[in-house]
Amino acid sequence: NLPLAWRRGLRITGAMTQLPPRFPISEAEIEAVVAEFYARVRAHQMLGAIFGAHVTDWPAHEAKIARFWKGSILHQAGYDGSPMMAHRDAQNVKPGMFSVWLGVFDAVLAEKLPPASARAWSELAHRIGTSLRAGVVDRETLPGGVPKLR
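All of these numbers come straight from a predicted model, not from anything done at the bench.

Parameters and conventions
Counting from 1, residues in each chain are numbered in the order their sequence is written. In view of the model being predicted, local features appear only for residues whose pLDDT reaches at least 70, and side-chain atom pairs are presented and counted only at 80 or more, with totals across whole chains, interfaces and linings using the full set of residues. To get the side-chain values, all heavy atoms of the structure are used, and hydrogens and water are removed first. Numbered from the N terminus, helices here are DSSP runs of H or I no shorter than four residues, and strands are runs of E no shorter than two. Residue burial is assigned from relative accessible area. The probe radius is 1.4 Å, only protein chains are included, and a residue is buried under 20% of its type maximum, exposed over 50%, and partly exposed in between. Whether two residues touch is decided by their heavy atoms; if any such pair falls within 4.5 Å, the residues are in contact. Where accessible areas are quoted, they stem from the Shrake-Rupley method and a 1.4 Å probe; at the residue level, only the protein chains shown are allowed to cover. Residues belong to a common nonpolar core when they are buried Ala, Val, Leu, Ile, Met, Phe, Trp, Tyr or Cys residues joined through side-chain atoms within 4.5 Å. All axes here are fitted lines through C-alpha atoms, helices being fitted over the stretch that makes contact, and every angle between N-to-C directions spans 0 to 180 degrees. Note on terminology: angles under 35 degrees are roughly parallel, angles over 145 are roughly antiparallel, angles of 65 to 115 are roughly perpendicular, and the others are oblique. Each residue gets one label: Ala, Val, Leu, Ile, Met, Phe, Trp, Tyr, Cys and Pro are nonpolar, Asp, Glu, Lys and Arg are charged, and the others, such as Gly, are polar. Put simply, two rings from Phe, Tyr or Trp (the six-membered ring, in Trp's case) pair if the centres are within 6.5 Å, and we call them stacked under 30 degrees between planes, edge-to-face over 60, tilted for the rest. Any pair of nitrogen or oxygen atoms within 3.5 Å is treated as a polar contact; in protein, a donor-acceptor pairing is required on top of that, and neighbouring residues in sequence qualify only through side-chain atoms on both sides. Any Lys or Arg side-chain nitrogen located within 4 Å of an Asp or Glu carboxyl oxygen qualifies as a salt bridge.

Attention shifts here to the overall build of the protein. If you tally the helices and strands in the protein, you get seven helices and two strands. When its helices and strands are written in sequence order, the protein yields α-β-β-α-α-α-α-α-α. Put simply, the protein has 150 residues, and 33% of those count as buried. For the protein, the proportion of contacts with a sequence separation of at least 24, taken over those separated by at least 6, is 66%. Entry remark: accessible area of the protein is about 9100 Å², with carbon and sulfur atoms responsible for 58%.

As a rule of thumb, nonpolar side chains are buried together in soluble globular proteins. Ranked by internal contacts, the top residues of the largest apolar core, which has 31 residues, are Trp 69, Ile 73, Phe 105 and Trp 121. When residues of this core are traced back to their parent elements, those giving at least two are α2 (27-43), α3 (45-52), α4 (58-74), α6 (97-112) and α7 (115-136). Non-local contacts of Trp 69, meaning those with residues more than four positions away in its chain, are made with Ile 30, Val 34, Leu 74, Trp 101, Phe 105, Trp 121, Leu 124, Ala 125 and Ile 128. Ranked by size, the runner-up nonpolar core spans five residues in total, among them Ala 90, Val 93, Leu 132 and Val 136.

Next up on the list: the packing of α2 against α3. Viewed as axis vectors pointing N to C, α2 and α3 meet at an angle of 100°, and their least axial separation amounts to 5 Å. Regarding the angle of α2 to α3, the classification is roughly perpendicular. Counted together, Tyr 38, Val 41, Arg 42 and Ala 43 of α2 and Gln 45, Leu 47, Gly 48 and Phe 51 of α3 form the full contact between these two elements. For the contact of α2 with α3, the residue count by class is five nonpolar, two polar and one charged.

A separate point is the packing of aromatic side chains. Within this structure, the stated rule accounts for eleven aromatic pairs. Residues Phe 37 and Phe 105 carry aromatic rings whose centres are separated by 5.3 Å and whose planes lie at 85° to one another, so their mutual orientation is edge-to-face. Here Phe 37, found in helix α2, pairs with Phe 105, found in helix α6; they are 68 residues apart in sequence, far enough to count as distant. The class for Phe 37 is buried, based on a relative accessible area of 1%.

Position of Lys 70 relative to the elements: it lies in helix α4. Of note is the side chain of Lys 70, whose polar atom sits 3.4 Å from the side chain of Glu 27. Apart from residues no more than four positions distant in its own chain, Lys 70 is found in contact with Glu 27, Ile 30, Glu 31, His 75 and Gln 76.

To continue, consider the pattern of salt bridges. Going through the model one piece at a time under the given rule, you end up with five salt bridges. As a salt-bridge pair, Arg 40 and Glu 36 come within 2.7 Å of each other at their nearest N and O atoms. Residue Arg 40 and its partner Glu 36 are located together in helix α2, separated by four residues, close to a single helical turn. On the basis of relative accessibility, which here comes to 24%, the residue Arg 40 falls in the partly exposed class. A relative accessible area of 24% means that Glu 36 is categorised as partly exposed. Here Glu 111 ties to Arg 40 by a salt bridge, and the two come within 2.4 Å at their closest N and O atoms. Here Glu 111, found in helix α6, pairs with Arg 40, found in helix α2; they are 71 residues apart in sequence, far enough to count as distant.

Right, here's the structure in full:
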């Protein structure tokens, strides 16, 4: 009888359990997607202005976001931050922006990755986007998008 971790497909390394990747993808592919996405963000009329108001060091930002995705997909340690708080603190994220962000991201995924990996990453990004939208934008509005007056 195999240990439970082995039956679930987990690898045991020393005292640490490492989960398998969510889907097949390399670190280099993650870095390429992040780099292309932010190249498009910088060129995008709306997204460029939003990100440009907060990002002063693009290579450092891209490296941090690549660490986020490596943690989310490959279960690698290294990302230190809170996407929810970063987006809340930005104070310039408005309704409709997440759908634009996800549209640009999906286009990059479709161009840079095999279809199955692009689809899996897109599904993950959309789940995260839904959560961020709920925590950043939707908490400031009533049903139907009516702003909450304080």
